[in-house]
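# A look at the structure
Chain residues, written in single-letter form:
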Amino acid sequence: MDGPAIEARRLRKVFTTSVRRPGFVGALRSLVAPERADTVAVEEVSFSVARGELLALLGPNGAGKSTTIKMLAGVLVPSDGEARVAGQVPHLDRKVNARRIGAVFGQRTQLWWDLPAVESFTMLRDIFKIEQEAYRTRLEELDGLLELASFWQRRPRQMSLGQRVRCDLAAALLHDPPIIFLDEPTIGMDAVAKEQVREFIRYQVEQRSRTVILTTHDMAEVARLARRVLLVNEGRVVYDGGLAELQKEYGSGWKVRVTFATGEVPPGIPGPGEKVGDAHVFAGVDPTAKRELMRSLLDRDDVTDLETHGDDLEDIMAAVYRKRAAVTA
Amino acid sequence: MLTLRFIKLSIKAALEYRTDFIFMIAVGIIWQVTVVAFATVVITRFPGLGGWSAGDVLLVASVRLAGHTFASGFFIGLRQVSELTADGKIDAFLLRPLPVYRQVMLNYFHMPEFGGLAVVAVMFAAAVRMVDIDWTPWRIGYLVASVVGATLLEVALQTVLGAFALRRPTVKLWQEWTEELMAAFGNYPLHILPNLAWAVFVFVLPIAFCAYFPVAVLTGQTSSLPVPAGVAVASPLISATLFLAALGWWRIELRRYESVGG
């Protein structure tokens, strides 16, 4: 099939909610004559994802990331616009779409709570009508990548978060879907489990050529996995492009972290700096100011530690949101 | 078959905790204690109710309880739609190439219903001994159809409410109330109630089609019914029709599903 793996055209999702009036009388009035209000969760979101590409879908809480993914996965019906996944409209061809996608929502499990995980896998094998030989091969591969065998006889309620999400990842890929949606798959995990999941995602993109949309608040994860990011805020796309370009366009700032032997900023150092633990952090956007600061620091004997770096991704994202908000204001 | 496989797995999983398993079966039996107590009172204290013999009344209770046991065993998930929505399970169901309704069924098998089945077997055995019915193949077939109808009717009502629960969590209370109402009135020949009450149970919350009308057909007492005999005979069919209509309503509400948490 030609064309992008995923395509969203002017996607819109509006939720209608009841407005509760304050106070007891207000509550009674709401009961008799409820007032409805529309909440626009996603507004005119358009983008496409090529086959074998990983797109990081980023944004603050309530930005519309999960709603967008749910429309692409066929869970929600868009209020307007069109979604196409592998050429199909997800909510109209839900069962066909289900065979082509795998999805993990990090905070929720799709495994049967009271059954050992391996029994959930066999149920999914039957639901997706996976041939026994293909099922065995895939389970072996997934076990090799995620080290599941040591705990897959446990029920999800007896697993740690990391173990449960690894089982969920396996469950989502058992039917070998070419497209994967991962909604905060590493949320709440420890560093070791996170690293294992990141490697798993990287393997799926680079070795298995799967198309992935990943949402996360972990910027280290984005830096490690994504070349392209889509930033959304208040339901709208605020940036769609390469991660390197994003850093170049919005991340012109610098930071210098210095630890002085005295614990205080000595006289003659430009700028007060912000005290962070034992160190002081100097920041700015003017490269001349940075050079001046560095010159004054490098000549001193009371500097015990010095570290310099550019804006991290979180700073860059904050800069994007600030700049876009200023434009739309 | 997925359903049987799921039940087998559920039993296997439950058997790993033998004490819990036995406890669940015992709960199923104890849960029906009100019906058993009712049946005992009817048999031992009264010659009958509203002109119906004790055996006839016991047969009504047996058909109703059998329908309830199957409905609860296989369709208990319908009463958990609020929780399934809140836990994101409905989202997961929508990601699989299987009807969501069927997955709601497959989500949980209500183990205590094995205990309920034991109670049903005892009640049917007692009722069949007490009623004066010539058990021809047609009547046996109609009795089976009645139990299926009673199951489908309860499932239909829970499906309609369960569909509402996809977007309104408080509907669970209405589901529980409906079950209580069916348990409270479904075991009686409803003509003992005032006209307004039986009219409600025929036209609004059609409990009368669950066991009362079918047993009236089996015992040849259709002339005293508030509906034509043909309608009573068609009770299992009417229940099946209501079930199909409820499924249609479920599909409509599922399209309006809004998920939770973004």
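Because the structure is predicted, anything quoted here is derived from the model rather than measured.

Tallying secondary structure elements over chain B gives 14 helices and two strands in all. The dimensions of chain B, computed from C-alpha atoms along their principal axes, are 60 × 40 × 35 Å. Burial statistics for chain B: of 262 residues in total, 54% are counted as buried. Nonlocal contacts in chain B, meaning residues at least 24 apart in sequence, comprise 74% of its contacts between residues at least 6 apart. Here chain B displays about 11,600 Å² of accessible surface, and carbon together with sulfur accounts for 70% of that area. Of the side-chain charges in chain B, 18 are positive and 15 negative, and the distance between the mean point of each set is 6 Å.

With that settled, the discussion passes to the UniProt feature "transmembrane region" (unreviewed entry) in chain B. Residues and elements named next belong to chain B. UniProt's feature table lists "transmembrane region" (unreviewed entry) at residues 21-46, 58-78, 106-128, 140-166, 196-215 and 227-250, given in the numbering used throughout. Across residues 58-78, the secondary structure splits into 86% helix and 0% strand, with the terminal C-alpha atoms separated by 28 Å. This span, residues 140-166, is 96% helix and 0% strand, and a straight line between its end C-alpha atoms measures 39 Å.

Here A:Gln196 is to be found in helix H7 (residues 191-206). Setting aside residues no more than four positions away along its own chain, A:Gln196 makes contact with A:Leu145, A:Leu146, A:Glu147 and A:Arg166.

With 36 residues of chain A in contact, the opposing surface of chain B contributes 33 residues. Here chain A meets chain B over a buried area of about 3,000 Å², counting both sides, of which 55% is carbon and sulfur. Among the ionic pairs, A:Asp126 bridges to B:Arg5, the shortest N-O distance being 2.6 Å. On the surface where chain A and chain B come into contact, there are 13 residue pairs in polar contact (both at pLDDT 80 or more). Counting only elements with at least two residues in the side of chain A that touches chain B, the list comes to strand S1 (6-19), helix H2 (65-73), helix H3 (94-100), strand S5 (101-105) and helix H4 (117-127) of chain A. Tallied by class, the residues present in the side of chain A that touches chain B amount to 18 nonpolar, eight polar and 10 charged.

Residue and element names in this part refer to chain A. Of the strand pairs in this sheet, strand S8 (residues 228-233) and strand S9 (residues 236-242) are connected by six bridges, and their pairing is antiparallel. Bridging from a neighbouring strand, Leu231 pairs with Tyr239 of S9. Hairpin connection, S8 to S9: the antiparallel pair is bridged by two residues, and Glu234 has positive phi, about 50 degrees.

In this section: the packing of helix H6 (residues 161-173) of chain A against H7(A). Residues and elements named next belong to chain A. Look at H6 against H7: their axes get within 10 Å of each other, and the N-to-C directions meet at 15 degrees. Overall, the two elements H6 and H7 adopt an arrangement that is roughly parallel. In the crossing of H6 with H7, the sense of the turn from one axis to the other is left-handed. Packed against H6, whose contacting residues are Gly162, Arg166, Leu169 and Leu173, the element H7 presents Ala193, Gln196, Val197, Phe200 and Gln204 at the interface. The class makeup of the residues in the contact of H6 with H7 is five nonpolar, three polar and one charged.

Formed by 70 residues in total, the largest nonpolar core has its most connected members in A:Phe121, A:Leu148, A:Val222, A:Val229, A:Leu231 and A:Leu246. At seven residues, H6(A) tops the list of elements feeding residues into this core. The contact partners of A:Leu148, leaving out residues within four places of it in the chain, are A:Phe121, A:Leu142, A:Asp143, A:Arg166, A:Cys167 and A:Ala170. Formed by 57 residues, the second largest nonpolar core is a distinct cluster that contains B:Tyr101, B:Val104, B:Leu161 and B:Tyr257.

Let's shift gears to the sheet that holds strand S6 (residues 179-183) of chain A. Residue and element names in this part refer to chain A. One open sheet accounts for six strands, arranged S5-S6-S7-S3-S8-S9; its pairing is mixed. Here the strands that pair on one side only, and so sit at the sheet edges, are S5 and S9. On average, each strand axis in the sheet is tilted by 15 degrees relative to the strand beside it, whichever way the strands run. Across the sheet, helix H9 (residues 243-250) is in contact with S8 and S9; its angle to S9 comes to roughly 110 degrees.

A cluster of nonpolar side chains, contributed by A:Phe24, A:Val25, A:Leu28, A:Leu31 and A:Val32, occupies part of the molecular surface with about 610 Å² of accessible area. Looking at the secondary structure, you find A:Leu28 in helix H1 (residues 23-32).

Attention now moves to H9(A). Residue and element names in this part refer to chain A. Along H9, the positions that sit buried rather than exposed are Leu243, Leu246 and Tyr250. Projected down its long axis, H9 shows its buried positions confined to an angular sector of 55 degrees, all on one face. Summarising the geometry of H9, the exposed residues directed more than 90 degrees from the buried face are Ala244 and Lys248.

Looking now at the environment of B:Ala127. Residue and element names in this part refer to chain B. Summarising the element assignment, Ala127 is placed in helix H8 (residues 113-130). A sequence separation of 62 residues divides Ala127 from Pro189, and the C-alpha atoms of the two residues are 15 Å apart. In this structure, Ala127 is in contact with Gly55, Leu58, Leu59 and Ser62, ignoring residues within four places of it in sequence.

Time to look at the pattern of salt bridges. All names here are of chain A. Inspection of every chain in the model, using the stated rule, returns 30 salt bridges over all chains. Notably, a salt bridge pairs Arg12 with Glu43, separated by 2.6 Å at the nearest N-O pair. Of this pair, Arg12 sits in strand S1 while Glu43 sits in strand S2 (residues 35-49); the two residues are 31 residues apart in sequence, bridging distant segments of the chain. Its relative accessible area of 27% is what places Arg12 among the partly exposed residues. Overall, the relative accessible area of 15% leaves Glu43 in the buried class. One salt bridge connects Arg198 with Asp218, and the closest N-O pair in it is separated by 2.8 Å. Here the residue Arg198 occupies a position in helix H7, and Asp218 occupies one in the loop between strand S7 (211-215) and helix H8 (219-225), the gap between them amounting to 20 residues. Both residues of the pair, Arg198 and Asp218, belong to the buried class. Here the salt bridges do not stand alone but share partners, grouping Lys194, Glu195, Arg198, Glu199, Arg202, Asp218, Glu221 and Arg224 into one network.

Reading the values: rules and limits
- Residues numbered from 1 in each chain as written.
- Chains lettered and ligands numbered in written order.
- Predicted model: local features only at pLDDT ≥ 70, side-chain atom pairs only at ≥ 80, totals over all residues.
- Heavy atoms only, no water.
- Helix = DSSP H or I, 4+ residues; strand = E, 2+ residues; numbered from the N terminus.
- Buried < 20%, exposed > 50% of the residue type's maximum accessible area, 1.4 Å probe, protein only.
- Contact = heavy atoms within 4.5 Å.
- Areas by Shrake-Rupley, 256 points an atom, 1.4 Å probe, with all protein chains shown as cover.
- Lys, Arg positive; Asp, Glu negative; His and termini not counted.
- Charge placed at Lys NZ, Arg CZ, Asp CG, Glu CD.
- UniProt positions renumbered as here; feature names shortened; annotations may be inferred.
- Buried area = accessible area lost by both parts, 1.4 Å probe.
- Salt bridge = Lys/Arg side-chain N within 4 Å of Asp/Glu carboxyl O.
- Polar contact = N/O pair within 3.5 Å; in protein donor to acceptor, adjacent residues only side chain to side chain.
- Nonpolar A, V, L, I, M, F, W, Y, C, P; charged D, E, K, R; others polar.
- Pairing = 2+ DSSP bridges.
- Axes fitted to C-alpha atoms, helices over the stretch in contact; angles between N-to-C directions.
- Parallel < 35°, antiparallel > 145°, perpendicular 65-115°, else oblique.
- Left-handed = near helix turned anticlockwise from the far one by under 90°.
- Core = buried A, V, L, I, M, F, W, Y, C linked by side-chain atoms within 4.5 Å.
- Patch = residues over 30% accessible without salt bridge, like charges linked within 9 Å, V, L, I, M, F, W, Y side chains within 5 Å.
- Arc of directions from axis to C-beta.

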